[in-house]
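# Residue-level structural notes
Single-letter residue listing:
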Amino acid sequence: MKRKLSTSDDLIGCVCIFNSHEDFSVYEAIYAGYDDNLNLIIMCEHTDSDESDYDCATCAVLNKSEAKKLAKRFKVTLLNLPFEIADSMSEWDELVCPLPSDVRNCFKEITECLIDEGCHFRIKRKSAQNGYVTC
């Protein structure tokens, strides 16, 4: 049975890493947290308030053992790992009126950092009803 992709509301210990300006009709945000199996999920959610057919998400998923290794390298607890990732991306918060493209660039930087740290992860996508995917 294929498992449904989580939403940010489903994540345990969820923290928002970065988001686009909330006044735009298209809003994107990156979240980090855990699913029920303690897999680390870094999720880029795309929400279109005008056309919900475009709502979708892309996730970088690290299994529990990979998340534990990353937390150990960062010298933080597993519970604090999402906060550590958010803190390492804090320079993105300096952007004034960030666009959804800025959020996608931040997500790309996070995945590149995971690769640099030697992490193994998989990308999971929940495409929009019309087939659109955010990144």
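Residues numbered from 1 in each chain as written. Predicted model: local features only at pLDDT ≥ 70, side-chain atom pairs only at ≥ 80, totals over all residues. Heavy atoms only, no water.

## So, the overall build of the chain
Along its length, the chain carries 3 helices and 5 strands. N-terminal to C-terminal, the α/β element order of the chain is β-β-β-β-α-α-α-β. The C-alpha radius of gyration computed for the chain amounts to 14 Å, which stays within 12% of the reference 14 Å derived for 135 residues, consistent with globular compactness. Contacts in the chain between residues far apart in sequence, at least 24 positions, make up 55% of those at least 6 positions apart. Total accessible area on the chain is roughly 7,600 Å²; 49% of this is exposed by carbon and sulfur atoms. Side chains of the chain give 15 positive and 24 negative charges; the mean places of these two sets differ by 14 Å. (Helix = DSSP H or I, 4+ residues; strand = E, 2+ residues; numbered from the N terminus. Rg over C-alpha atoms; globule rule 2.2 N^0.38 Å. Contact = heavy atoms within 4.5 Å. Areas by Shrake-Rupley, 256 points an atom, 1.4 Å probe, with all protein chains shown as cover. Lys, Arg positive; Asp, Glu negative; His and termini not counted. Charge placed at Lys NZ, Arg CZ, Asp CG, Glu CD.)

## Digging into the environment of Ser25
Mapped onto the elements of the fold, Ser25 is located in the loop between strand S1 (12-19) and strand S2 (26-34). By relative accessible area, which is 31% here, Ser25 ends up partly exposed. With 86 residues separating them in the primary sequence, Ser25 and Thr111 have C-alpha atoms 26 Å apart. Not counting residues up to four positions away in its chain, the partners in contact with Ser25 are Thr47, Asp48, Ser49 and Asp50. (Buried < 20%, exposed > 50% of the residue type's maximum accessible area, 1.4 Å probe, protein only.)

## A word on unusual backbone geometry
Backbone geometry at Leu38 places phi at a positive 65°, although glycine is not the residue there. Its identity is not glycine, yet Lys75 carries a phi of approximately 60°, on the positive side. Relative to the helices and strands, Lys75 resides in the loop between helix H1 (64-74) and helix H2 (81-88). Lys75 gets classed as exposed once you look at its relative accessible area, which sits at 76%.

## Description of the pairing of S1
Direction of pairing for S1 relative to S2: antiparallel, over a ladder of 5 bridges. When the bridges of S2 are listed, Ile12 appears paired with Tyr34. The loop that links S1 with its antiparallel partner S2 comprises 6 residues. (Pairing = 2+ DSSP bridges.)

## Describing the packing of aromatic side chains
In the structure shown here, the tally under the stated rule is 2 aromatic pairs. Their ring planes at 50° and their centres at 5.7 Å tell us that Phe18 and Trp92 sit as a pair that is tilted. One end of the pair, Phe18, is in strand S1; the other, Trp92, is in the loop between H2 and helix H3 (100-116), with 74 residues separating them in the sequence. Each member of the pair Phe18 and Trp92 is classed as buried. For the ring pair Tyr54 and Tyr132, a centre distance of 5.6 Å and an interplane angle of 70° mean the geometry is edge-to-face. Here Tyr54 is found in the loop between strand S3 (40-48) and strand S4 (56-62), whereas its partner Tyr132 is found in the segment after strand S5 (122-126), with 78 residues between them in sequence. On the basis of relative accessibility, which here comes to 30%, the residue Tyr54 falls in the partly exposed class. (Phe/Tyr/Trp six-rings, centres within 6.5 Å; stacked < 30°, edge-to-face > 60°.)

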